Amino acid sequence: EDLTTAALTSLLGQACSILHDFSTARIMFERALRIQEAAIGPDHVKVAATLNNLGNVYGTLGDAQKQRDLLERALRMKEAAFGPDHVELAVTVANLGNAYGDLGDAQKKRDLLERA
């Protein structure tokens, strides 16, 4: 399996998310993530988009802790690639803020949403 397969699998995950089939979306994003990590390594910035999508699916499925963990990993990758204040981080930072809100940390949510 290669990066084309990963990209197509990720697109299937996005389609499933749009259709509110979040269990299948999770499976698709996890498969895309495994392919990407094998092809380009677990810390490559391109993996961050899949982590962001997968994290959001976990949040929708009610696992805000897993969502937070995946989004924090994605954010670390993006910060390393782009720096801490780059616009490329905004969506991940906002999603991470919402995850913290779901975990009951309103102050951390506010701080991250202001950063985004």
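Residues numbered from 1 in each chain as written. Predicted model: local features only at pLDDT ≥ 70, side-chain atom pairs only at ≥ 80, totals over all residues. Heavy atoms only, no water.

*Asks:* What is the right way to look at the packing of helix H4 (residues 64-82) against helix H5 (residues 90-102) in this model?
*Replies:* The packing of two helices is summarised by the inter-axis angle and the distance between the axes. Contact pair H4 / H5: the axes reach a minimum separation of 9 Å and the direction vectors enclose 155°. By the angle class used here, H4 and H5 are roughly antiparallel. As H4 runs across H5, the sense of the crossing is left-handed. Taken together, the residues of H5 that come into contact with H4 (itself represented by Ala-64, Gln-67, Arg-68, Leu-71, Glu-72, Ala-74, Leu-75 and Lys-78) are Thr-92, Val-93, Asn-95, Leu-96, Ala-99, Tyr-100 and Asp-102. Of the residues contributing to the contact of H4 with H5, the split by class is eight nonpolar, three polar and four charged. (Axes fitted to C-alpha atoms, helices over the stretch in contact; angles between N-to-C directions. Helix = DSSP H or I, 4+ residues; strand = E, 2+ residues; numbered from the N terminus. Parallel < 35°, antiparallel > 145°, perpendicular 65-115°, else oblique. Left-handed = near helix turned anticlockwise from the far one by under 90°. Contact = heavy atoms within 4.5 Å. Nonpolar A, V, L, I, M, F, W, Y, C, P; charged D, E, K, R; others polar.)

*Asks:* What's the story with the nonpolar core in this structure? I'm lost.
*Replies:* Side chains that are nonpolar tend, in soluble globular proteins, to be buried together. Leu-51 and Leu-54 are the most contacted members of the largest nonpolar core, which has 14 residues in total. Only helix H2 (22-40), helix H3 (45-60) and H4 provide two or more residues apiece to this core. Here this core gets six residues from one element, more than from any other, and that element is H3. Discounting residues that sit within four places of it in the chain, Leu-54 has contacts with Arg-26, Phe-29, Glu-30, Leu-33 and Leu-70. Counting residues in hydrophobic clusters, the runner-up holds eight residues, among them Leu-89, Leu-96, Ala-99 and Leu-112. (Core = buried A, V, L, I, M, F, W, Y, C linked by side-chain atoms within 4.5 Å. Buried < 20%, exposed > 50% of the residue type's maximum accessible area, 1.4 Å probe, protein only.)

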